[in-house]
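A look at the structure
The residues making up each chain are set out below.
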Amino acid sequence: MPFFDATDYEEQMEEMETAMEEIQRDVDALQLENQLFHRFLKRNTGGADSLNEPKKKRRGKVPSALSIDQKLEIVQSELDEVTKDRNESKVTSEKLIDTLRAVLEETDLRISELKKDAYEFKRDIVVGAENMRTGRTMAEKVVRYMEDKLRQRDAMIEKLRLKNATLKTQKQKVEAQLRQKEEMGDVLHYIDFHQLQIENKQYVQKIDERNEELLKLKSTTGTTVQALNTLKNNLTGLLQESTWLAKEINSRQGQLKKLSTDAAAVQAELQHEKRLQKRLGQEDSTDNAMPQIMDYVQQKKEMYELEEEVKNWERKVEIAEMAAKKAKRKINMAKEGTR
């Protein structure tokens, strides 16, 4: 029975694994090379039709191996194609970057304009239009402020429209000059023609920018009109509520005044009865004769009735004070709402 050597077996396995790895690397390299050749063949032979031909027809035409020069030619062609794609991607990326930069600049400009409008609104309306006596915002100043803003927007729109018309006229003039020179046979120099193309692109870009700005201004104007209508409706509701609260306050103040007068009268009557009771007590103490029982009962009855009446008036005073406090709270809430 032959002797089994574990060391030799492990060495053989390592050699086999190494050989397998080398074969795998060669297979991967061949796959990449085949993919490269396939793309080159597809691009230079008119697509997949020539690739899908039967092998019997192509076996005699296609060589079994490529020479080094042919491989170099294919690699150079693919390298040129990759370079072309990279340059196109670079141009597209630069255009996209320029567009995004323009959008960012427009956004920053719009943000600064919105901050300016918010500051002016706070300065002229929130603080400047507040009535020092009542603490409420005056509707006339709000409406006047909105109307001024709308007039400014309309003036800006008209200005941009005129500028847009001027740019279009300049563009038509330049195009007419170009057509005239072409008809007269005057051959433009390449640099002049290139300069005119650049100017034409600039004018077209400016026209597009003005048109976009005009559309944005129209949209902003519509939003401003909607906000103005909303503010008018809110202001009308607040004025109606303020009128109702003023009437309610006057009514409650009248009730409070009446209750205060009644309470004062009750207090005076109570003091009068107390003084009368005290005097009667003094007269009873000085009188040697004993008081009559019916007089005592009558006086007790009157005292209980007066005490009950005093309690009723005290409850009425408490109710009036609670109503007055409630009316004051509504007044304070109305003042805070109008601010």
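Naming follows an unreviewed UniProt entry, where the protein chain appears as Cilia- and flagella-associated protein 263 of Triparma strigata. In UniProt, the protein chain has this text filed under Subcellular location (unreviewed entry): "Cell projection, Cilium".

1. Brief notes about the pattern of salt bridges
The full count for this structure, using the stated rule, is 10 salt bridges. Where Glu248 meets Arg252, a salt bridge forms, and the shortest distance between an N and an O atom there is 2.9 Å. A residue pair is termed a helical-turn pair when its members lie 3 or 4 positions apart in one helix, as Glu248 and Arg252 do in helix H5 (residues 190-286) at 4 residues. The class for Glu248 is partly exposed, based on a relative accessible area of 22%. On the accessibility criterion, Arg252 (25% relative accessible area) is partly exposed.

2. Here's the deal with a nonpolar patch on the surface
On the surface, Met20, Ile23 and Val27 cluster together into a nonpolar patch covering about 280 Å² of accessible area. You can see Ile23 is positioned in helix H1 (residues 6-44). With relative accessibility at 48%, the residue Ile23 sits in the partly exposed group.

Calculation criteria
- Starting from 1, residues in each chain are numbered consecutively following that chain's sequence as written.
- Local features in this predicted model are restricted to residues whose pLDDT is 70 or higher, and side-chain atom pairs enter the listing and the counts only when it is 80 or higher, whereas totals over whole chains, interfaces and linings include all residues.
- Each side-chain value is derived from all of the structure's non-hydrogen atoms; neither hydrogens nor water enter the calculation.
- UniProt positions are given in the numbering used here, feature names are shortened, and annotations may be inferred rather than shown by experiment.
- When a carboxyl oxygen of Asp or Glu is within 4 Å of a side-chain nitrogen of Lys or Arg, the pair counts as a salt bridge.
- Think of it this way: any DSSP run of H or I at least four residues long counts as a helix, any run of E at least two long counts as a strand, and we number them from the N terminus.
- Partly exposed residues are those whose accessible area sits between 20% and 50% of the maximum for their type, while under 20% is buried and over 50% is exposed, using a 1.4 Å probe and protein chains only.
- Residues enter a patch when their relative accessible area is above 30% and they make no salt bridge; the linking distance is 9 Å between like charges and 5 Å between nonpolar side chains (Val, Leu, Ile, Met, Phe, Trp, Tyr).
- All accessible-area figures derive from a Shrake-Rupley calculation using a 1.4 Å probe, and residue coverage is judged against the displayed protein chains alone.

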